[in-house]
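# A look at the structure
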Amino acid sequence: MPEIGEELHVCDAAVTLAFSVLGKRWNGMIIASLGGDPSTFVALRRAVVGISDTVLSDRLAELAEAGLVARTVDAGPPVTVSYALTSSGQGLLPILDQLGAWASANLEVRAR
């Protein structure tokens, strides 16, 4: 049976791992934008205002590697690529909603 200190270490490691993906700028917005139907790269770029093509491409690759986003290529013609949340990614949506509600209620927005 794990000791309390060991359980805390495992929890801390899991939270650290989660935030290594979710804590990156834009990832939450990309996941939220994919909350509905699958989306194309262009549609995502429009939905995530201010993100560059390069960063969006990098973030989608990272999210796919983490198992949160699936990339599907339709050979066409024309060739189309779409992105959708996996079941793991879908599971994040209510958590992101809760985190946003908590932040609105508990964190003060500071002017830059």
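Structure: above.
Residues numbered from 1 in each chain as written. Predicted model: local features only at pLDDT ≥ 70, side-chain atom pairs only at ≥ 80, totals over all residues. Heavy atoms only, no water.

## Considering the overall build of the protein chain
Worth spelling out the cut-off: Going along the chain from the N terminus, every DSSP run of H or I of four or more residues is numbered as a helix, and every run of E of two or more is numbered as a strand. Three exposure classes are used, based on accessible area relative to the maximum for each residue type with a 1.4 Å probe and protein chains only: buried under 20%, partly exposed in between, and exposed over 50%. Should any heavy atoms of two residues lie within 4.5 Å, those residues are counted as being in contact. Accessible surface area values rest on a Shrake-Rupley calculation with a 1.4 Å probe, where residue burial reflects the displayed protein chains alone.
When its secondary structure is counted, the protein chain shows 5 helices and 3 strands. Walking the protein chain from its N terminus toward its C terminus, one meets helices and strands in the order α-α-β-α-α-β-β-α. Within the span of the protein chain, comprising 112 residues, buried residues form 18% of the whole. A separation of at least 24 residues holds for 47% of the contacts in the protein chain among residues at least 6 apart in sequence. As displayed, the protein chain offers around 8,000 Å² of accessible surface, 59% of which is attributable to carbon and sulfur atoms.

## What about the sheet that holds strand β3 (residues 80-85)?
Condition: Any two strands between which DSSP finds at least two bridges are classified as paired.
With respect to topology, 3 strands assemble into an open sheet ordered β1-β3-β2, the strand pairing being antiparallel. Strands with a single pairing partner mark the edges of an open sheet, and in this sheet they are β1 (39-40) and β2 (69-74). Across 2 bridges, β1 lies against β3 in antiparallel orientation. If you follow serine 39 over to β3, its bridge partner there is tyrosine 83.

## Considerations on the side chain of arginine 59
Rules: Polar contact criterion, stated in full: a pair of N or O atoms within 3.5 Å, where within protein one must be able to donate a hydrogen and the other to accept it, and residues adjacent in sequence count only if both atoms are side-chain atoms.
If you trace the backbone, arginine 59 turns up in helix α4 (residues 53-65). On the basis of relative accessible area, arginine 59 is assigned to the buried category, the value being 17%. At a separation of 3.1 Å, a polar atom in the side chain of arginine 59 contacts the main-chain carbonyl oxygen of arginine 25.

## Things to note about the environment of alanine 70
Inspection of the secondary structure assignment puts alanine 70 in strand β2. For alanine 70, a relative accessible area of 30% gives the class partly exposed.

## Quick look at the pairing of β3
Here β2 runs beside β3; their pairing, made up of 6 bridges, is antiparallel. The partner of aspartate 74 across the bridge, within β3, is threonine 80.

## Focus: the pattern of salt bridges
Cut-off, in case you're wondering: Any carboxyl oxygen of Asp or Glu within 4 Å of a side-chain nitrogen of Lys or Arg constitutes a salt bridge here.
Considering all chains together, one arrives at 3 salt bridges under this definition. Close ionic contact of glutamate 62 with lysine 24 constitutes a salt bridge, the shortest N to O distance being 3.3 Å. Of this pair, glutamate 62 sits in helix α4 while lysine 24 sits in the loop between α1 (4-22) and α2 (27-33); the two residues are 38 residues apart in sequence, bridging distant segments of the chain. Aspartate 53 is paired through a salt bridge with arginine 45; the nearest N and O atoms lie 3.1 Å apart.

## Side note on the nonpolar core
Spelled out, the test is: Side-chain atoms within 4.5 Å are what join buried Ala, Val, Leu, Ile, Met, Phe, Trp, Tyr and Cys residues into a set we call a nonpolar core.
Of all hydrophobic cores here, the largest spans 16 residues; its most connected members are Ile30, Ile31, Leu34, Leu60 and Val69. Sorting the residues of this core by element identifies α2, α4, β3 and α5 (87-106) as the ones contributing at least two each. Looking at this core element by element, the count peaks at 3 residues for α4.

## As for the environment of alanine 47
Tracing the chain through its elements places alanine 47 in helix α3 (residues 41-47). As for alanine 47 and isoleucine 30, which are separated by 17 residues in sequence, their C-alpha atoms are 8.2 Å apart.

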